[in-house]
Amino acid sequence: MNRRTALFKVTGLALIGLTDIKSLLAMPMVSKQNLTNSFHQFKLGDLELLVVTDGHIIMKPVQPNFAPGINKIRVEQELDRNFEPKDNVELSINILVVRFKGRTILIDSGCGENFGKDSGWLVKNLAKAGIQVHQVTDVVVTHAHPDHIGGLTNQDGKLLFPNAMVYLSRIEHDFWLTKAPDFSKSKMKDQQLIKFLTEVAQKNINALGDKLHLFEDGDTILDCVTMQLAPGHTPGHCIAKIFSKGEELYHIADLVHSAVLVVEHPEWGFDGDTDFNLAVASRIKVMDKLAKNRSLVFSYHLPWPGLGHVRDKGKAFEWVEQPMMVPD
Ligand SMILES: [Zn+2]
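Residues numbered from 1 in each chain as written. Predicted model: local features only at pLDDT ≥ 70, side-chain atom pairs only at ≥ 80, totals over all residues. Heavy atoms only, no water.

Within the chain, the regular secondary structure consists of nine helices and 14 strands. Among the 328 residues that make up the chain, the fraction classed as buried is 56%. Surface summary for the chain: the accessible area is close to 14500 Å², and the carbon and sulfur share equals 54%. (Helix = DSSP H or I, 4+ residues; strand = E, 2+ residues; numbered from the N terminus. Buried < 20%, exposed > 50% of the residue type's maximum accessible area, 1.4 Å probe, protein only. Areas by Shrake-Rupley, 256 points an atom, 1.4 Å probe, with all protein chains shown as cover.)

Here's what the structure looks like:
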């Protein structure tokens, strides 16, 4: 393992089953006593939504993780102008939980035990929100990077959400389970890192057995989540439209990892993208639509709790955080 891989690993970089109805009905509502800043709750139509933190990831140095090949001074000026540190980018790990019709649905599972103590907090923080692991009925996976799928299992490969059905794009499933996933269009060339990504994806997918349900682009899951392919970050990378009673929220998964470097300069790119140019194209296409429609957006990696809007800014975009008037 070289230094960069080591740093990456240490600091972090990604069918409805039978359910115990009684335990779901007994699910406690969140009491004031349990409130901490490790989760944030809100409503969308009939859906009860929670954002739970799985921790954070510090990516250091900034380049070439971000903006590979872009002039260093230009990148530092942009970070400085936005009051951001010049030597690292901190990524939140925001997990969206959807509660609807007695089901508890996670969108992605966090890092699990793959990245050390700065992440893997999901199970602990779900408990603080009154949700035990056996009460999770479904996990919808946006893509199979270790910080998104790594929380499905523990180190021994045991499922951490034993009653949950898991939903994954068929394209994503097929990509990671091929003998040698194709990274030829990526700027990521670290073979040990690629091996790590592949092993974590395979371990978690293979642990699922008949709990795994593969979906296609445009499929709607559990009447409230429509998966839309936004390829490039990985071949099967999806964003998720969460909807109820005419209200919508777009979970944009790993479309962007930094408001300053990627929302404002989508073409600067991210070297963790499997297909660098396709990721740029998807990023611009989706952000253009979100900006035009003034959609409410949830981001997995932008600052906690990840809620906001994308605004058109001429040739680029900007991230407008949703104001939090009262702390949880
Ligand atoms: Zn990610």
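Within the protein, the zinc ion binds to D147 (OD), H148 (NE2), D254 (OD) and H301 (NE2); these donor distances fall in the range 2.1 to 2.2 Å. For the zinc ion, the single-chain donor residues occur in sequence as D-H-x105-D-x46-H. Placement of H148 in helix α5 (residues 146-149) and of H301 in the loop between β12 (297-298) and β13 (307-313) is noted, with a sequence separation of 153 residues between them. We classify H148 as buried; its relative accessible area is 0%. According to the relative accessible area criterion, H301 is buried, its value standing at 2%. (Donors = N, O, S within 2.8 Å, 3.2 Å for Na, K, Ca; no water.)

Pairing of β13 with strand β14 (residues 316-321) involves six bridges; the strand directions are antiparallel. Considered in β14, the bridge of V310 is made with W319. Linking β13 back to β14 in an antiparallel pair, the connection comprises two residues, with G314 at a positive phi of about 75°. (Pairing = 2+ DSSP bridges.)

Quick look at the environment of K43 now. Looking at where K43 falls in the secondary structure, it is placed in strand β1 (residues 39-44). Classification of K43 by relative accessible area gives exposed; the value is 57%. Separated by 56 residues in sequence, K43 and R99 place their C-alpha atoms 9.7 Å apart.

Turning to the nonpolar core, a few remarks are in order. Counting 69 residues, the largest nonpolar core has F66, L126, V139 and L261 as the members making the most contacts within it. Top element by residues in this core is helix α7 (residues 191-206). It accounts for seven residues. Within the second largest apolar cluster, 26 residues are counted, among which are L49, I105, M165 and L249. (Core = buried A, V, L, I, M, F, W, Y, C linked by side-chain atoms within 4.5 Å.)

So, on to the packing of aromatic side chains. A full pass over the atoms with the stated rule returns five aromatic pairs. An aromatic cluster of three or more residues is present, and its members are F175, W176 and F183. Positioned above the aromatic ring of F276 is the side chain of K187, whose terminal nitrogen or guanidinium carbon lies 4.5 Å from the ring centre. Sitting over the face of the ring of F243, K241 holds its NZ or CZ atom 5.5 Å from the ring centroid. (Phe/Tyr/Trp six-rings, centres within 6.5 Å; stacked < 30°, edge-to-face > 60°. Lys NZ or Arg CZ within 6 Å of the ring centre and 35° of its normal.)

Okay, the side chain of H301 next. A polar atom in the side chain of H301 sits 3.5 Å from the side chain of H148. A distance of 3.1 Å separates polar atoms of two side chains, one belonging to H301 and the other to D254. Apart from residues no more than four positions distant in its own chain, H301 is found in contact with L91, S92, N94, D147, H148, D254, V256 and H257. (Polar contact = N/O pair within 3.5 Å; in protein donor to acceptor, adjacent residues only side chain to side chain. Contact = heavy atoms within 4.5 Å.)

What follows deals with the packing of helix α6 (residues 170-177) against α7. For the pair α6 and α7, interaxial distance at closest approach is 9 Å and the crossing angle is 120°. The pairing of α6 with α7 is recorded here as oblique in orientation. Handedness of the α6/α7 crossing: left-handed. Judged by residue contacts, H173, W176 and L177 of α6 engage L197, T198, A201, Q202, I205 and N206 from α7. Broken down by class, the residue content of the contact of α6 with α7 amounts to five nonpolar, four polar and no charged. (Axes fitted to C-alpha atoms, helices over the stretch in contact; angles between N-to-C directions. Parallel < 35°, antiparallel > 145°, perpendicular 65-115°, else oblique. Left-handed = near helix turned anticlockwise from the far one by under 90°. Nonpolar A, V, L, I, M, F, W, Y, C, P; charged D, E, K, R; others polar.)

Before going further, it helps to examine the pairing of β13. The pairing of β12 with β13 spans two bridges and is classified as antiparallel. In the strand pairing of β13, F298 is matched with L307.

Taken in spatial order, the seven strands of this open sheet run β8-β9-β10-β11-β12-β13-β14, and their pairing is mixed. Looking at strand neighbours, the two that pair on one side only are β8 (220-221) and β14, the edges of this open sheet.

Before going further, it helps to examine the sheet that holds strand β5 (residues 138-140). Spatial strand order, β1-β2-β3-β4-β5-β6-β7: seven strands in an open sheet with mixed pairing. Here the strands that pair on one side only, and so sit at the sheet edges, are β1 and β7 (212-215). Adjacent strand axes in the sheet meet at a mean angle of 25° when their direction is disregarded. By the bridge criterion, six bridges tie β1 to strand β2 (residues 47-59) in an arrangement that is antiparallel. Bridge assignment links F42 to a residue of β2, and that residue is L49. Its contacts with the sheet put α6 on β6 (165-169) and β7, and the angle it makes with β6 is roughly 80°.

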